[in-house]
Amino acid sequence: MIPHEYIEEVVRRNDIADVIGSYVQLKRKGRLHSGLCPFHSEKTPSFYVYPETQSYYCFGCGSGGDVITFIKNINNIDYVEAVKLLAGRAGMPEPAEDDKVGRMRSRVLAINKDAARWFYACLNSSTEEAKQARAYWRRRGLDDKTITRFGLGYAPNDFRATYLHLKDKGYTDAELLESGLVKRSEKGNLYNIFRGRVMTPIFDLRGNIIAFGGRVLDDSKPKYINSPETLVYKKSKTVFALQVAKKSPNRRYVLCEGYMDVISMHQAGIDTAVCACGTALSADQVRLLSEYADEVVLCYDSDEAGQKATARSLELFRNSPVKVGVLQIPGAKDPDEYIKKYGAERFRALLDGTGNALEFRIGQVRKKYDLAQDKDRLDYVKEVLRLLADRNSPTEREVYAGRLAEETNISKTAIMTQLSDEVKRAGYRRRTENQKKLLHSGVADTIKVPYQAGGQKALGVAYAEQMLAVAMLREPGFIPGVMQRLDPAVLVMPDMKQAVEAIFRCSREGIAVSLANLGAMLPEQTMIELSRLVAQSSDVVPTQKDVEMYLERIAQSTPKSGSANKMTDQELAEYFQTLKNRKQGNPTGR
Ligand SMILES: [Zn+2]
């Protein structure tokens, strides 16, 4: 069997849209790509590629999977062959040899984790230099919560301390050299590259620490040192704090110049602040950002270098589907300084004030009405509220509601009340539309429509099982909670039972939960089913509340006579029949 680290590397280095794009002409549609299916003949595209989950699915013929499945099917070769072909495409050595690379990767990740713990402990020790390091973070305005949240630390001013500490943890010199934390001197001794610096760990999207940035406490040079590129760290493919930002419901990202700006923005509640890692923005980073953000606000320093970087980044974004704005910061040299001087609220207002599509649309609406007329004014308010209700950020909604109140002389309270009704309605509308799409795409057989007003058996157990699997796949953070509460044996859908068992197994063995890794454990039919589900729910973000609901639904329907796995085939068939009848006897009102 090919080790999962190797497969992960193959998948990581073979972006699904790139790979499929060389077989199929793909068109970008927001976060997705679509094209004519290579597995059946068609005139209008029903073949979709989902960069976020690195999967594809065809709504026409039902083929689907990850990049490996695609290569396997399009070339009609077996799994191992497909992995080898993709490895070759990415210039990787053959799997057997690469076993070692995989092991080294996980050792380096482990070293980084231990190093981050050590730097954090050093920051909080009682030495004089630790005191100064803490004072440094304080001067930058960071509180303890932020320091813990970003895992900030301090590397003691000593050539050997960090090295010896890690050596004590059982890592070999070869592994430590590979991590980039130590170097070999001309005399042949190993020494730390980070000394007397405050430390910022850099995470990948899965939450692994892949590198560090270190800054001196004073103005000596070099001010910043970053980890060199290693097996686990590619500078131009890493976006700092993206692992936090991607969890935010807000899809407007703030792209800053450095770690410090990003960290102080997060402390100020702007949880989509990110930056390129210690270098100018790269095309790869733009691609990565485009997968998560609908809008990016460039927020560089107001000095000449910052303005040049802005122009350069704008150029890079020119062909991306992301809407780009530029924030000019009046009266401060960078966002960090602005926040310290004027506070987070004002900074957020500044951000909301960047010329954007919403403002443009409100302007268009305004032109239709004569605001001196009472009736017109009310219609205008109604229409703008509908626009606002579709926005994800409560701050943004509030700012525009305030402006609307001023403009129309209607009290802000009245406007906010109406707005919150409108937000509820918009949420409901989005969900119904989504369900319509699901029904339309022919999955109604297994799905009972959730959230339907009045319907008691609204959420079908089959649907709950499917959605639970998808939720864990899309947001692995849900897995530990589900593992505590769910015995996969009670699941009635055989393929979902397999899928959930495989997800739990990955989680227990510390393997990243992704379609690619599951693909090695699951039959192809189950993979197709998972890809289909991921495809159909790609625009729903699963929440903790959804997960609760699925779990409850599954618990309710566990047959009293014993769990499904104890039923005979005959009994199981009957059980499915009752589920089906129940659905037919309980029309969804559509
Ligand atoms: Zn097809």
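Going by the structure above, here's the rest.
Quick caveat: nothing in here was measured; it's all calculated off a predicted structure. (Residues numbered from 1 in each chain as written. Predicted model: local features only at pLDDT ≥ 70, side-chain atom pairs only at ≥ 80, totals over all residues. Heavy atoms only, no water.)

This part covers the coordination of the zinc ion. Ideal coordination angles are 109.5 degrees for a metal with four donors arranged tetrahedrally and 90 or 180 degrees for a metal with six donors arranged octahedrally. Every protein donor of the zinc ion is accounted for by Cys-37 (SG), His-40 (ND1), Cys-58 (SG) and Cys-61 (SG), and the metal-donor separations fall at 2.0 to 2.3 Å. The coordination sphere of the zinc ion comprises 4 donor atoms, whose angles at the metal cover 103 to 117°; the geometry is tetrahedral. Expressed as a motif, the donor residue spacing for the zinc ion is C-x2-H-x17-C-x2-C. Of this pair, Cys-37 sits in the loop between β2 (32–35) and β3 (47–50) while Cys-58 sits in strand β4 (residues 55–58); the two residues are 21 residues apart in sequence, bridging distant segments of the chain. For the pair formed by Cys-37 and Cys-58, the shared burial category is buried. (Donors = N, O, S within 2.8 Å, 3.2 Å for Na, K, Ca; no water. Tetrahedral: all angles 85-135°; square planar, octahedral: opposite > 155°, others 65-115°. Helix = DSSP H or I, 4+ residues; strand = E, 2+ residues; numbered from the N terminus. Buried < 20%, exposed > 50% of the residue type's maximum accessible area, 1.4 Å probe, protein only.)

A word on the side chain of His-33. With respect to the helices, strands and loops of the structure, His-33 is situated in strand β2. The exposure class assigned to His-33 is buried, which follows from its relative accessible area of 11%. Aside from chain neighbours lying at most four places away, what touches His-33 is Ala-17, Leu-26, Lys-27, Arg-28, Phe-47, Tyr-48, Val-49 and Pro-51. (Contact = heavy atoms within 4.5 Å.)

Attention now goes to the pairing of strand β10 (residues 209–216). Among the 8 residues that make up β10, 8 are buried, leaving the element largely enclosed by the rest of the structure. Here strand β9 (residues 197–203) runs beside β10; their pairing, made up of 7 bridges, is antiparallel. Following the sheet pairing, Thr-200 is matched in β10 by Gly-213. The turn joining β9 and β10, which pair antiparallel and follow one another in sequence, is formed by 5 residues; a positive phi near 95° is taken by Gly-207. As judged from the 3 bridges shared by β10 and strand β11 (residues 224–226), these two strands associate in the antiparallel manner. Paired with Gly-213 across the two strands is Asn-226, which belongs to β11. (Pairing = 2+ DSSP bridges.)

Another point: the sheet that holds β4. In space, the 5 strands of this open sheet follow the order β1-β2-β3-β4-β5, with antiparallel pairing throughout. Of all strands in the sheet, those with a lone pairing partner are β1 (27–29) and β5 (64–66), marking the two edges. Averaged over all pairs of adjacent strands, the angle between their axes in this sheet comes to 25°, without regard to strand direction. Contacts between helix α3 (residues 67–75) and the sheet are confined to β3, β4 and β5, with β5 contributing the most and set at about 120° to the helix. (Axes fitted to C-alpha atoms, helices over the stretch in contact; angles between N-to-C directions.)

Turning our attention to helix α13 (residues 304–317). In this model α13 runs 20 Å from its N-terminal to its C-terminal C-alpha over 14 residues, within 8% of the 20 Å that 1.5 Å per residue would give. Buried residues of α13: Gly-306, Thr-310, Ser-313 and Phe-317, and no others. Taken around the axis of α13, the buried residues stretch over an arc of 75°, which confines them to a single face. Projecting away from the buried face of α13 at angles above 90 degrees are the exposed residues Glu-304, Ala-305 and Lys-308. In this structure, the buried side of α13 is in contact with β13 (252–256), α12 (283–292), β15 (295–299) and β16 (323–326). (Expected span 1.5 Å × (residues − 1). Arc of directions from axis to C-beta.)

Take empty space enclosed by the protein next. The gaps of empty space that remain are located by a probe, the size of a water molecule, rolled over the atoms. Counted by the stated rule, this structure contains 2 cavities of 30 Å³ or more. Volume-wise, the largest cavity comes out at about 70 Å³. Only α6 (128–139), β9, β10 and α11 (259–267) provide two or more residues apiece to the lining of the largest cavity. With 3 residues, β10 is the largest single contributor of residues to the lining of the largest cavity. Taken together, the residues of the lining of the largest cavity break down into 6 nonpolar, 3 polar and 1 charged. (1 Å grid on protein atoms, 1.4 Å probe; cavity = no way out; pocket = protein on both sides within 12 Å on 5 of 7 lines; lining within 4 Å. Points joined across faces, edges and corners; volume = space filled by probe spheres on them. Nonpolar A, V, L, I, M, F, W, Y, C, P; charged D, E, K, R; others polar.)

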